[in-house]
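Structure at a glance
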Amino acid sequence: MSMRPLGIDGAWVFEPKVFPDSRGSFHEWFHGDDFRETIGQGLTLSQANCSVSRRGTLRGVHFADVPPGQAKYLKCVRGAVFDVIVDIRVGSPTFGHWESVLLDDERHRAVYVAEGLGHAFMALTDDATVVYLCSEGYAPGREHGINPLDAELGIGWPAGVEPLLSEKDAAAPTLARARREGLLPTYEECLGFYAKLRA
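These figures come from a predicted structure and were not determined experimentally. Along each chain, residue indices are assigned from 1 in the same order as the chain's sequence is written. Only residues with pLDDT of at least 70 are given local features in this predicted model, and only at 80 or more are side-chain atom pairs given and counted; all residues enter the totals for whole chains, interfaces and linings. Heavy atoms from the whole structure form the basis of all side-chain values; hydrogens and water molecules are not counted.

**Things to note about the pairing of strand β8 (residues 80-86)**
Stated formally: Whether a residue is buried, partly exposed or exposed follows from its accessible area with a 1.4 Å probe, protein chains only, as a fraction of its type maximum: under 20%, in between, or over 50%, in that order. Each helix is a run of DSSP H or I of at least 4 residues and each strand a run of E of at least 2, with the numbering of both proceeding from the N terminus. We treat two strands as partners when DSSP finds at least two bridges between them.
The buried fraction of β8 is high, at 7 of 7 residues. Covered by surrounding structure in β8 are Ala80, Phe82, Val84 and Val86 together with Val81, Asp83 and Ile85, the residues of both alternating faces. Note that β8 and strand β11 (residues 118-123) share 6 bridges and pair antiparallel. Across the sheet, the residue bridging to Ile85 is His119, located in β11.

**A word on unusual backbone geometry**
Omega for the bond connecting Gly60 with Val61 falls within 30 degrees of zero, at 15 degrees, which places this linkage in the cis form. Mapping Val61 onto the fold places it in strand β6 (residues 58-64). Of note, the bond from Pro67 into Pro68 is cis; its omega dihedral lies within 30 degrees of zero at -5 degrees. Mapped onto the elements, Pro68 comes out in the loop between β6 and β7 (72-78). Of note in the backbone geometry, Asp127 takes a positive phi value of approximately 60 degrees without being a glycine. Secondary-structure assignment places Asp127 in the loop between β11 and β12 (128-134).

**Brief notes about the sheet that holds β7**
Filter applied, for reference: Helix axes are fitted only over the stretch in contact, all axes being lines through C-alpha atoms; the angle between N-to-C directions runs from 0 to 180 degrees. It only takes one pair of heavy atoms within 4.5 Å for two residues to be counted as in contact.
Strand order in the open sheet formed by 6 strands is β1-β2-β10-β7-β12-β5, and the pairing between neighbours is antiparallel. For this open sheet the edge positions go to β1 (2-5) and β5 (47-53), each flanked by a neighbour on one side alone. Averaged over all pairs of adjacent strands, the angle between strand axes in this sheet comes to 20 degrees, irrespective of strand direction. As paired elements, β7 and strand β10 (residues 110-113) share 4 bridges and run antiparallel to each other. Bridged to Lys72 within β10 is Val113. Lying on the sheet, helix α1 (residues 32-39) is in contact with β1, β2 (11-15), β7 and β10; it crosses β2 at an angle near 140 degrees.

**Comments concerning the sheet that holds β6**
Taking strand neighbours across the sheet as the criterion, the 5 strands line up as β9-β8-β11-β6-β13 in an open arrangement whose pairing is antiparallel. A strand with exactly one partner marks an edge of an open sheet, and here the two such strands are β9 (98-104) and β13 (143-145). Pairs of neighbouring strands in the sheet enclose a mean axial angle of 25 degrees, with direction left out of account. Summarising the sheet, β6 and β13 pair through 3 bridges and their orientation is antiparallel. The residue of β13 that forms the bridge with Phe63 is His144.

**Focus: the pattern of salt bridges**
The following threshold applies: Definition used for salt bridges: Asp or Glu carboxyl oxygen within 4 Å of a side-chain nitrogen of Lys or Arg.
Under the criterion given, the structure shown has 6 salt bridges. The partner of Arg4 in a salt bridge is Glu15, with the nearest N and O atoms 3.6 Å apart. With Arg4 in strand β1 and Glu15 in strand β2, the pair connects residues that are 11 residues apart, well separated along the chain. Taking the relative accessible area as the measure of exposure, Glu15 reaches 21% and is therefore partly exposed. The partner of Asp21 in a salt bridge is Arg23, with the nearest N and O atoms 2.5 Å apart.

**Here we look at the side chain of Asp104**
We count it as follows: Polar contact is defined as a pair of N or O atoms within 3.5 Å, subject to the rule that within protein one atom must be able to donate a hydrogen and the other to accept it, and that residues adjacent in sequence are counted only when both atoms are side-chain atoms.
Position of Asp104 among the secondary structure elements: in strand β9. Of note is the side chain of Asp104, whose polar atom sits 2.9 Å from the backbone nitrogen of Arg107. Non-local contacts of Asp104, meaning those with residues more than four positions away in its chain, are made with Cys76, Gly79 and Ala80.

**Considerations on the nonpolar core**
Rules: In this text, buried Ala, Val, Leu, Ile, Met, Phe, Trp, Tyr and Cys residues form a nonpolar core when linked through side-chain atoms within 4.5 Å.
Counting residues in each nonpolar core, the largest one holds 35 residues, and the members touching the most others are Phe14, Tyr73 and Tyr112. Ranked by residues supplied to this core, first place goes to β12 with 5 residues. Not counting residues within four places of it along the chain, the set of residues in contact with Tyr112 comprises Gly10, Ala11, Trp12, Phe14, Phe35, Ile39, Gln41, Leu43, Ala71, Lys72 and Tyr73.

See the structure below:
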C-alpha cells in the first residue's frame, strides 16, 4: 500500500496494490499499523457510512466543529467520484485551497481527511457508491457546510456534469461568510487537537 500526502496538511491519498485474477481482484484498503506509522496516529472507528449517488450528485462541502471534529477515510467501491478536500482552517498556510482525487472502482484509491478539513465529492457515474470510516459519529449540532459552488472558493468541478445539490448544501454559506460567522475551525486549535491524538 502506497500512502502519500496531498498539498494540504492532513489530507492523504492511499493507493493499494490490486491483485487481479480470472475470478476478480483483491486489495487491502486499510491497514491499521501502516496507517498509524504514516499518519502518526490511529483511526478510531466510531461510524461507518455508505452513500449511493446518481451521476452529478454533489455532496458537501461538509465539516464538523473541532474538537472533536470528524476524520474520514473513504473510497469509492462502485463507479467513480471526483473527491475534494478543502482547507477551511483559519490561519492555515493553505487556507481556502482545495485538492481533488479521482476515486473509482478500478484503481481503488482511498482518501484520508483529517479533522477540521472540509470534504465534498461529485458522482461521475450513476450508482456511485462511497464508503466512509469516521472517527466520530454524526452530530447535527456540530455539523456545518460550505456551498460547493462558491465562486471565490473556485472548486474546478468536472465540466459537462450538471451538479445536483441537496437543499441544505445549496443554502450553505460561502467560505467568506462562514468565516465571518465564526463557523470555521482555526489552524491553531486543529494542530493542538492533532497533537493530543498523537500523544
